[in-house]
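# Architecture and fold: a report
Residue-level listing of the chains:
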Amino acid sequence: MPECRRCGHCCRLGGPTLMRGDADRLLDGTLPPSAIVCLRRGEWARHDGSRGTTADGAPRGDNLAPLTCEMLKLRGSGSGPHPWQCPYLRETTGQTACAIHDRRPLQCRALFCEAPQAVEDLLASGDFLSRAELFSRLAAVEPRASLWRELAEAHEESCPANAYFRLRQDLATTPDVAAVRRELAERERYDEAFRQLCVERGALEPELLPLVLGRPLRELPRPVGTLTK
Ligand code: SF4
């Protein structure tokens, strides 16, 4: 039976998305809400079967597809060569370690790059943690969780990512590209204003925006060579 060599490759490519069973890691304080970003339904994201690698550890490349449900993911540390490098990866000379090894998320437990079936099965279960469920459970220990849930719902209603990307697709076929561009710009402005208002009114700290509202529309990844008009 092959064993993990602790090369850290998968953790450098990005932390996991969270499954429902991982809500306990936020309740016990292992993962602070500010460590999470919401990838909203309709956003384009990389296929994450074995965290962006093939069975032999090679990168999968640009394999973007729209998400059919929202997912909560560990934010990138911003310190590694890859923008999504896990913030809990620790590297000392020749050795890598996980700072939360005993309490690491479910996908990290299932993932082994030389035998990705277990993590593929976990992802195929579709048992992802959503903001609604997380905030409901967090309400027991976090008084602001109900407000976070209301803000997430209001934002989702007024700035849905799936509608934004449908509109971007219209750019390829519409006779009036300028009108679609104006509409896209308007949606991006509204999204920005919503975020700004939440912070200015003291409803959200800036570091909670990625979890409660996801990433700004204008910063969302787009498949290379498409939807970029
Ligand atoms: S939580 Fe630990 S095991 Fe999981 S990706 Fe981060 S460093 Fe790796």
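The preceding data block contains the structure.
Residues numbered from 1 in each chain as written. Predicted model: local features only at pLDDT ≥ 70, side-chain atom pairs only at ≥ 80, totals over all residues.

## Here we look at the overall build of the chain
Of the regular secondary structure elements, the chain holds 9 helices and 6 strands. Across the 229 residues in the chain, those meeting the buried criterion constitute 30%. Partitioning the contacts of the chain with sequence separation of at least 6, the portion at a separation of at least 24 is 73%. (Helix = DSSP H or I, 4+ residues; strand = E, 2+ residues; numbered from the N terminus. Buried ≥ 20, exposed ≤ 12 C-beta atoms within 10 Å, placed from the backbone. Contact = placed C-beta atoms within 7 Å.)

## Brief notes about the site of the ligand
What surrounds the ligand is the set Cys-11, Gly-15, Pro-16, Cys-86, Tyr-88, Leu-89, Cys-98, Ile-100, Arg-104, Pro-105 and Cys-108. Taken together, the residues of the shell around the ligand sort by class into 9 nonpolar, 1 polar and 1 charged. (Near = placed C-beta within 6 Å. Nonpolar A, V, L, I, M, F, W, Y, C, P; charged D, E, K, R; others polar.)

## Comments concerning the packing of helix H7 (residues 161-170) against helix H8 (residues 177-200)
As a packed pair, H7 and H8 sit with axes 9 Å apart at the nearest point and diverge in direction by 160°. Relative to H8, the element H7 lies roughly antiparallel. Crossing angle aside, the handedness with which H7 passes H8 is left-handed. On H8, the residues touching Tyr-164, Leu-167, Arg-168 and Asp-170 of H7 are Val-180, Glu-183, Leu-184 and Arg-187. Counted by class, the contact of H7 with H8 contains 4 nonpolar, no polar and 4 charged residues. (Axes fitted to C-alpha atoms, helices over the stretch in contact; angles between N-to-C directions. Parallel < 35°, antiparallel > 145°, perpendicular 65-115°, else oblique. Left-handed = near helix turned anticlockwise from the far one by under 90°.)

## So, the pairing of strand E5 (residues 89-92)
Note: E5 against strand E6 (residues 95-98), 4 bridges, orientation antiparallel. In the strand pairing of E6, Glu-91 is matched with Thr-96. The hairpin turn running from E5 into E6, its antiparallel successor, is 2 residues long, and Gly-94 in that turn takes a positive phi close to 75°. (Pairing = 2+ DSSP bridges.)

## Focus: the pairing of strand E4 (residues 71-74)
By the alternation rule, side chains of E4 split into Met-71 and Lys-73 and Leu-72 and Leu-74, which are all buried. Where strand E1 (residues 36-39) and E4 come together, 4 bridges link them in antiparallel fashion. Each bridged residue has a counterpart across the sheet, and for Val-37 the counterpart in E4 is Lys-73.

## Some details on the packing of helix H5 (residues 131-138) against helix H6 (residues 145-158)
Here H5 crosses H6 at 160°, and the two axes come no closer than 8 Å. The angle between the axes of H5 and H6 places the two elements in the roughly antiparallel class. Crossing angle aside, the handedness with which H5 passes H6 is left-handed. Contacts between H5 and H6 involve Arg-131, Ala-132, Phe-135 and Leu-138 from the former and Ala-145, Trp-148, Arg-149 and Ala-152 from the latter.

## As for the nonpolar core
Grouped together as the largest cluster of nonpolar side chains are 39 residues, with contacts concentrated most on Ile-36, Leu-72, Leu-129, Leu-134, Trp-148, Leu-151 and Val-212. A domain-level breakdown of this core finds at least three residues from each of domain 1 (9-124) and domain 2 (143-218). Once residues lying within four places of it in the same chain are set aside, the contact partners of Trp-148 are Phe-135 and Val-212. Judged by nonpolar contacts, the second largest core, of 5 residues, contains Cys-159, Ala-161, Tyr-164 and Phe-165. (Core = buried A, V, L, I, M, F, W, Y, C linked by C-beta atoms within 7 Å. Domains from an automatic or database assignment.)

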